[in-house]
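# Observations on chain architecture
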Amino acid sequence: AQSVTQPDIHITVSEGASLELRCNYSYGATPYLFWYVQSPGQGLQLLLKYFSGDTLVQGIKGFEAEFKRSQSSFNLRKPSVHWSDAAEYFCAVGSNNAGNMLTFGGGTRLMVKP
Amino acid sequence: EAGVAQSPRYKIIEKRQSVAFWCNPISGHATLYWYQQILGQGPKLLIQFQNNGVVDDSQLPKDRFSAERLKGVDSTLKIQPAKLEDSAVYLCASSWRDEQFFGPGTRLTVL
């Protein structure tokens, strides 16, 4: 069975600082990996996805993520955080490239200090 | 382009009552999903439809939850009777190709 672990429940960073959110997955085949962001009262928005190819993927809002098969990780990064990035971030693994059967991690809540 | 619509946005009921949620997916999206998101957790898939057929409902508590998608467009999710542990946000999503688009969710509180 597939599973996702986000080790950090809460992270606080200063505005302008760099950010890395951790994600570890367990999946028997080639994983399809996603990062979503959820702002209060809003639905989930896709930041980026990885299916195959280049292991460093670029997403919206200046985010990127790197797939490391040897570490079963798909960490999300941003070089300079803005106050508007404060939200909950979810990593997910999918069973195929249509985004079916998504399994989500528990989420990481990001707080940004001025 | 209009997004996924859900109603109501909030619902408060007492345990053992019944409740229904409605979802209107993005036009043309054949696949529709219902997720349950308990406070402090990630969303958990309850059921997936392809057009008006069920693809997967293995995590749907069928003794109290039911869902339908008549005519392959709108969908309703029902809980009858509700339990305290059903308090959660119920998210609807629809997909086209490789991306799922999520609605704002319905926050259910069971007292």
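Check the entry above for the structure.
The structure displayed is predicted, hence computed values, not measured ones. (Residues numbered from 1 in each chain as written. Chains lettered and ligands numbered in written order. Predicted model: local features only at pLDDT ≥ 70, side-chain atom pairs only at ≥ 80, totals over all residues. Heavy atoms only, no water.)

### Some details on the overall build of chain A
Along the backbone of chain A there are zero helices and 12 strands. Each helix (α) and strand (β) of chain A, taken in turn from the N terminus, gives the series β-β-β-β-β-β-β-β-β-β-β-β. Expected size for 114 residues packed as a compact globule is a radius of gyration near 13 Å; at 13 Å, chain A falls within 12% of this value. In terms of its C-alpha atoms, chain A occupies a principal-axis envelope of roughly 40 × 30 × 20 Å. For chain A, buried positions account for 46% of its 114 residues. Within chain A, one finds 9 positive and 8 negative side-chain charges whose respective centroids are separated by 3 Å. (Helix = DSSP H or I, 4+ residues; strand = E, 2+ residues; numbered from the N terminus. Rg over C-alpha atoms; globule rule 2.2 N^0.38 Å. Buried < 20%, exposed > 50% of the residue type's maximum accessible area, 1.4 Å probe, protein only. Lys, Arg positive; Asp, Glu negative; His and termini not counted. Charge placed at Lys NZ, Arg CZ, Asp CG, Glu CD.)

### A look at the interface of chain B and chain A
Every contact between the two is made by 21 residues of chain B and, on the other side, 20 residues of chain A. Carbon and sulfur atoms supply 51% of the area that chain B and chain A bury against each other, a total of about 1400 Å² over both sides. Three residues, Pro43, Asp98 and Phe102 of chain B, lead the burial of chain B against chain A; their summed loss comes to 34% of the area buried on that side. Summed over the shared surface of chain B and chain A, the result is zero salt bridges. Among the secondary structure elements, those contributing two or more residues to the side of chain B that touches chain A are strand 4 (31-37), strand 5 (44-50), strand 9 (88-96) and strand 10 (99-102) of chain B. (Contact = heavy atoms within 4.5 Å. Buried area = accessible area lost by both parts, 1.4 Å probe. Salt bridge = Lys/Arg side-chain N within 4 Å of Asp/Glu carboxyl O.)

### Here's the deal with the pairing of strand 12 (residues 108-113) of chain A
All names here are of chain A. Side chains of strand 12 alternate between two faces, with Thr108, Leu110 and Val112 buried and Arg109, Met111 and Lys113 left unburied. Inspection of the sheet shows strand 2 (residues 10-14) paired to strand 12 by five bridges, in the parallel sense. Looking across to strand 12, one finds that Val13 is bridged to Val112. As paired strands, strand 10 (residues 87-94) and strand 12 are joined by three bridges and run antiparallel to one another. The residue bridging Ala87 from the neighbouring strand is Leu110, located in strand 12. (Pairing = 2+ DSSP bridges.)

### Thoughts on the state of the cysteines
All names here are of chain A. Counted according to the given criterion, the structure contains two disulfides over all chains. A sulfur-sulfur separation of 2.0 Å characterises the disulfide bridge that pairs Cys23 with Cys91. Every disulfide takes its handedness from the sign of the S-S torsion; for Cys23 and Cys91 that torsion is -65°, giving left-handed. You can see Cys23 sitting in the loop between strand 3 (19-21) and strand 4 (24-26) and its partner Cys91 sitting in strand 10, a full 68 residues away along the chain. (Disulfide = S-S within 2.5 Å.)

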